[in-house]
Amino acid sequence: MVKSKLKLIVLAIVCLMPFLASMVSAIEFKQGGVDWQLNASLRSQMFYQMSERGDNPDVDRTSFILETPGNSWLRATASYQKIAAVMEIGLAFNNGDDYSFGAGVNENRYFRHAYVTYTLDGGYQLLVGRTWSLIALDGPQQRMAWDNGLWGAGDLFAFRHEQIQLSYKSGTFVTKVAIEDTFREDQLKYCNNFGLTGEYVTEDPIPAFLASLTYMDQGVILSPSLFVQSYNLKSATKKDATVTSYAAAMNAGYKTPSFGISGELWYGQNVYMYMAEANIDEHNGFKLQRYDASTIMGKPIADINGEEIEDVTSMGGWLQLALFFGNKTLRTGAGYQDSETGIDAAGYEKHLHTWGLFANFEYPIFQSFRVIPGIAYYNWGEDADKNRFGADKNKLGYDTFAGMFFQYDF
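Residues numbered from 1 in each chain as written. Predicted model: local features only at pLDDT ≥ 70, side-chain atom pairs only at ≥ 80, totals over all residues. Heavy atoms only, no water.

(A) Geometry of the overall build of the protein chain. Looking only at helices and strands, one finds three helices and 21 strands in the protein chain. Residue burial in the protein chain is summarised as follows: out of 410 residues, 47% are buried. For the protein chain, the share of sequence-separated contacts (at least 6 apart) that also reach a separation of at least 24 residues comes to 65%. Within the structure as shown, the protein chain displays about 19,200 Å² of accessible surface, and the carbon and sulfur contribution to it stands at 60%. (Helix = DSSP H or I, 4+ residues; strand = E, 2+ residues; numbered from the N terminus. Buried < 20%, exposed > 50% of the residue type's maximum accessible area, 1.4 Å probe, protein only. Contact = heavy atoms within 4.5 Å. Areas by Shrake-Rupley, 256 points an atom, 1.4 Å probe, with all protein chains shown as cover.)

Below, the structure written as structure tokens:
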């Protein structure tokens, strides 16, 4: 009954979007010397999900889904001289929108962004609060299945984290550095300390460090970025272990009035915390990861004695092509990622891989209201255990999506 009522709410939002788009715009006003702006983004989608589970004995299925993807938001911005503050609250209307976005501690974190900036002289700016991490700053515009931009199939998506960030702009270059809260195994829902035996206490000696450099000129965008973090697992009876993660990414793009091309390549060690399957649970039956996999891609594991960490490396990327027809846009793209398993034993895969394809057409009905029909395909590859579902049966299957995405911004 509750789910039916929520679907009626979603349907009402979809129906009202065109009328709202013709009436509402961003609200701006001034009070006590402070400039205020209120704006929002309302998003909904309806699509068919066709799931084929490979060697998994779970039943294949086709489902029709009408929902809000969980990333609608309401934002308030206040600025006074050199100081500005942003607070963005997520709006979720569906009881399937239980997500952690890497938060780990608080399942439904409503603050998408909450930060303060102070602009210094000489092109410097200081930011303190919660906003996007600096690694892999761009993403493909794949909108099907929870507005999923090829997460788990090529896109290294770092989500949002609390941080202290310093940026510097000079001509066509913007340099940013930041320190963040260290993201640890014990912040994930399924924590087992990578299979280490014994009891461990987590120690964070230093914060995570991130940096990016962005060049923008004449339609060209180049943005290398990196992150590194390390923390210790300390035991009174076992050998202490250190978990070190790092990644480097290169995002690039070129845009003209008639077409645009963009892409990303990345490589890293122990990057499980930035893998979709580590951060997002099941959503309307669709897991944004390899379905029912026994391991998380990019996650280190314990050695055969359960006493030391076996580091694993991963790599991936995506490519997107956009064609512009006035205010309409046709997009198509693909992504791929590969990871070591860290297991060198009979009956286990040494590498895992996933890949995806998509295409969509963005059609503005009004200035701020967009309708985006699209299709997407995700192939989840194999499980690390070659006998996961029986002798020599470890294929995890694929998901195909076809439907419509609605977005109204003001």
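(B) Just empty space enclosed by the protein, in detail. Throughout the structure, instances matching the rule amount to two cavities of 30 Å³ or more. If you go around the largest cavity, the residues you meet are T295, I296, M297, G298, K299, I301, V312, S339, E340, T341, L352 and A384. Of the residues that constitute the lining of the largest cavity, the class distribution is six nonpolar, four polar and two charged. (1 Å grid on protein atoms, 1.4 Å probe; cavity = no way out; pocket = protein on both sides within 12 Å on 5 of 7 lines; lining within 4 Å. Points joined across faces, edges and corners; volume = space filled by probe spheres on them. Nonpolar A, V, L, I, M, F, W, Y, C, P; charged D, E, K, R; others polar.)

(C) Inspection of the pattern of salt bridges at higher detail. Overall, the coordinates contain 16 salt bridges when judged by the stated rule. Among the ionic pairs, E88 bridges to R112, the shortest N-O distance being 2.6 Å. Here E88, found in strand β5 (residues 83-91), pairs with R112, found in strand β6 (residues 111-119); they are 24 residues apart in sequence, far enough to count as distant. For E88, a relative accessible area of 2% puts it in the buried group. The partner of K234 in a salt bridge is D240, with the nearest N and O atoms 3.2 Å apart. By relative accessible area, which is 36% here, K234 ends up partly exposed. One connected set of salt bridges, linked through shared partners, spans R331, E362, R370 and D409. (Salt bridge = Lys/Arg side-chain N within 4 Å of Asp/Glu carboxyl O.)

(D) Summary view of the pairing of strand β17 (residues 313-325). One ladder, built from eleven bridges, connects strand β14 (residues 259-269) with β17; its direction is antiparallel. Directly across from G260, in β17, lies its bridge partner A322. Pairing analysis gives twelve bridges linking β17 to strand β18 (residues 328-340), with the strands arranged antiparallel. Residue pairing for β18: F324 is matched across the bridge by T329. Between β17 and β18, which pair antiparallel and follow one another directly, the connecting turn spans two residues, one of which, G326, has a positive phi of 65°. (Pairing = 2+ DSSP bridges.)

(E) Representation of the nonpolar core. Of all hydrophobic cores here, the largest spans 29 residues; its most connected members are I135, F227, L233 and Y274. Secondary structure elements with two or more residues in this core: β11 (208-217), β12 (220-234) and β13 (241-255). When residues of this core are assigned to their parent elements, the largest contribution, four residues, is made by β13. By size, the runner-up hydrophobic cluster in this structure holds 16 residues, among which are L150, I372, W380 and L396. (Core = buried A, V, L, I, M, F, W, Y, C linked by side-chain atoms within 4.5 Å.)

(F) Expanded view of the packing of aromatic side chains. As enumerated under the stated definition, the model contains 18 aromatic pairs in all. A centroid spacing of 4.6 Å and a plane angle of 35° characterise the contact between Y124 and Y168, whose relative ring orientation is tilted. Of this pair, Y124 sits in strand β7 (residues 124-132) while Y168 sits in strand β8 (residues 160-170), and the two are 44 residues apart along the sequence. The partly exposed category is assigned to Y124, whose relative accessible area is 36%. What makes Y168 partly exposed here is its relative accessible area of 30%. When the ring of W151 is compared with that of F157, the centres are 4.4 Å apart and the planes differ by 25°; the resulting orientation is stacked. With relative accessibility at 9%, the residue W151 sits in the buried group. Pairwise contacts between aromatic rings join F47, Y378, W380 and F401 into one cluster. Sitting above the plane of the F405 ring, R143 keeps its charged end 4.3 Å from the centroid. The positively charged end of R160 is found above the aromatic ring belonging to W132, 4.6 Å away from the centroid. (Phe/Tyr/Trp six-rings, centres within 6.5 Å; stacked < 30°, edge-to-face > 60°. Lys NZ or Arg CZ within 6 Å of the ring centre and 35° of its normal.)

Taken by themselves, the reported measurements are silent on function.
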